[in-house]
Amino acid sequence: MPNTTQTAFDTTASTYDTDRARLIPCYDAFYRRTTDLIAHDAKNILDLGAGTGLLSQFVRQWYPDAHIVLADLSEPMLERARTRLAGDSNVTFEVTDYTTAPITGTYDSIVSGLSIHHIDHDAKRALFAKIFNALRPGGTFVNAEQVAGPTPALDAHYKVIWLQQVREAGATPDQIADSLYRQQDDRCASVEDQLHWMREAGFTDADCWFKDNRFAVLSGTRA
């Protein structure tokens, strides 16, 4: 992951959670659908690009007995996660670049929320293969992601709609500016491309289960 991406998240870590609820118009449905797709018997879950622990907190509500590993490149973001999940003895934090570091261990589910779009497409393909190999048979990969439109014209339209939605939701100019700052190195891929790469990695049932404008939830199972 580029150093500029790490800098962007280090810089905006303190306001990230407050911003996110205003900057994702489909916030509740987006995260709820993500937790729905985790293996129902999951006891060992990895959250890649865990950031401030927001997704892991949602996961914990539905999987109270699971051990969750939160992995992220940004130490300031993980510090927020440690505060959020303080007192939870069944979580582990790892400061790591998941694009280069191996995924150690075997997991029932691997999740990621709004992170993988920061890496280039070749790295996405390699990561999907690495995730597949780190899942036990029957394990699931769930990627709650910001996606590109299938055409340049639709992608541009996605962004126009998003700006309109977040302004109507009450996002402040500073919140929007911080989001645009974080987006400066985004490498979003279309739903179609990502499903192709997931199937290429071995996920035979890769599908998009939720989509609202530029936000989508994709998942697949290791048979």
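Quick look at the structure, then. (Residues numbered from 1 in each chain as written. Predicted model: local features only at pLDDT ≥ 70, side-chain atom pairs only at ≥ 80, totals over all residues. Heavy atoms only, no water.)

## Focus on the packing of aromatic side chains
What counts, and what does not: Whether two aromatic rings pair depends on their centres lying within 6.5 Å, for rings of Phe, Tyr and Trp, where Trp uses its six-membered ring; planes under 30 degrees apart make the pair stacked, over 60 edge-to-face, and the rest tilted. Numbering of helices and strands starts at the N terminus; helices are DSSP runs of H or I of at least 4 residues and strands are runs of E of at least 2. When accessible area is computed with a 1.4 Å probe and restricted to protein chains, residues below 20% of their type maximum are described as buried, those above 50% as exposed, and intermediate ones as partly exposed. Criterion for a charge above a ring: Arg CZ or Lys NZ at most 6 Å from the ring centre, at most 35 degrees from the ring normal.
Under the criterion given, the structure shown has nine aromatic pairs. Their ring planes at 55° and their centres at 6.4 Å tell us that Phe30 and Phe210 sit as a pair that is tilted. Taken together, the residues Phe30 in helix H3 (residues 27–36) and Phe210 in strand E6 (residues 207–212) connect sequence positions 180 residues apart. Each of the two residues, Phe30 as well as Phe210, counts as buried. Both rings, one in Phe132 and one in Phe203, keep their centres 5.1 Å apart while their planes meet at 85°; by these two values the pair is edge-to-face. With Phe132 in helix H6 (residues 121–134) and Phe203 in the loop between helix H9 (191–201) and E6, this residue pair connects regions lying 71 residues apart in the sequence. With relative accessibility at 14%, the residue Phe132 sits in the buried group. Taken together, the aromatic side chains of Tyr27, Phe30, Tyr31, Phe58, Phe210 and Phe215 make up a single cluster linked through ring pairs. Positioned above the aromatic ring of Trp62 is the side chain of Arg32, whose terminal nitrogen or guanidinium carbon lies 3.6 Å from the ring centre. The ring of Trp162 carries the charged tip of Arg214 above its face, separated from the ring centre by 4.9 Å.

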